[in-house]
Amino acid sequence: MAEKRNIFLVGPMGAGKSTIGRQLAQMLGMEFFDSDSVIEERAGADIDWIFDVEGEAGFRKREERIINELTQGQGVVLSTGGGAVLSKDNRNMLSARGIVIYLETTIDKQFERTQRDKKRPLLQTEDPRKTLEELAKIRNPLYEEIADITLQTDDQAAKVVATNIIDMIDNLQ
């Protein structure tokens, strides 16, 4: 049943959206997209370069266009960037066009998973942990607002989380 609907993964950076999304798409025989990867591919540049040149506002405009395009497909698994939910238009598109799964994680786990990743422009600060905490205050309520299903990802393998998502989607229908 799950493979008939679009599945959109939201949550903070380091929650496992891309890894779990790929696993989920493979298990369901669906097409997988990562909105950040599509943005980079279309721009011919890394996200940190887009942030440097266009600022966060320019990046968010690109993100909105890509999410609008990708959510119009049928039978896709889409991993969104952590900040995609900041746009009301994105939240509306995601809610209206598929099942939204909020992959929840702790600040500790996020920090552990992202501390060596230099491709996260918002974390190139003096105190990345504090940045993660500030982002969580703003974004977590937005993830919760649009989520059809919320799952904790901290200490579970991607395949286990993907299997749980499939079971929960089947129970929704």
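Attention here is on the structure that accompanies the text. Everything quoted here is computed from the prediction, not taken from an experiment.

### Observations concerning the nonpolar core
And step 1. Formed by 22 residues in total, the largest nonpolar core has its most connected members in Val 10 and Leu 94.
And step 2. Mapped onto this core, the elements with two or more residues apiece are strand 1 (7–10), helix 2 (35–43), helix 3 (47–70), strand 3 (76–79), strand 4 (99–104) and helix 6 (128–146).
And step 3. Per-element tally for this core: the top contributor is helix 3, with 7 residues.
And step 4. Excluding residues within four positions of it along the chain, Val 10 makes contact with Lys 17, Thr 80, Val 85, Leu 94, Val 100, Ile 101, Tyr 102, Leu 103, Tyr 143 and Ile 146.
And step 5. By size, the runner-up hydrophobic cluster in this structure holds 20 residues, among which are Leu 28, Ile 101, Ala 162 and Ile 165.

### Comments concerning helix 4 (residues 88–97)
And step 1. By the burial criterion, the buried members of helix 4 are Asn 90, Arg 91, Met 93 and Leu 94. Buried positions in helix 4, seen along its axis, are confined to an arc of 165 degrees and lie on one side of it. Opposite its buried face, helix 4 presents the exposed residues Lys 88 and Ala 96, each directed more than 90 degrees away.
And step 2. Packed against the buried residues of helix 4 are strand 1, helix 3, strand 3, strand 4 and helix 6.
And step 3. Where helix 4 begins, the side chain of Ser 87 points an oxygen toward the backbone nitrogen of Asp 89, at a separation of 3.2 Å.

What counts, and where the lines are drawn
Residues numbered from 1 in each chain as written. Predicted model: local features only at pLDDT ≥ 70, side-chain atom pairs only at ≥ 80, totals over all residues. Heavy atoms only, no water. Core = buried A, V, L, I, M, F, W, Y, C linked by side-chain atoms within 4.5 Å. Buried < 20%, exposed > 50% of the residue type's maximum accessible area, 1.4 Å probe, protein only. Helix = DSSP H or I, 4+ residues; strand = E, 2+ residues; numbered from the N terminus. Contact = heavy atoms within 4.5 Å. Arc of directions from axis to C-beta. Polar contact = N/O pair within 3.5 Å; in protein donor to acceptor, adjacent residues only side chain to side chain.

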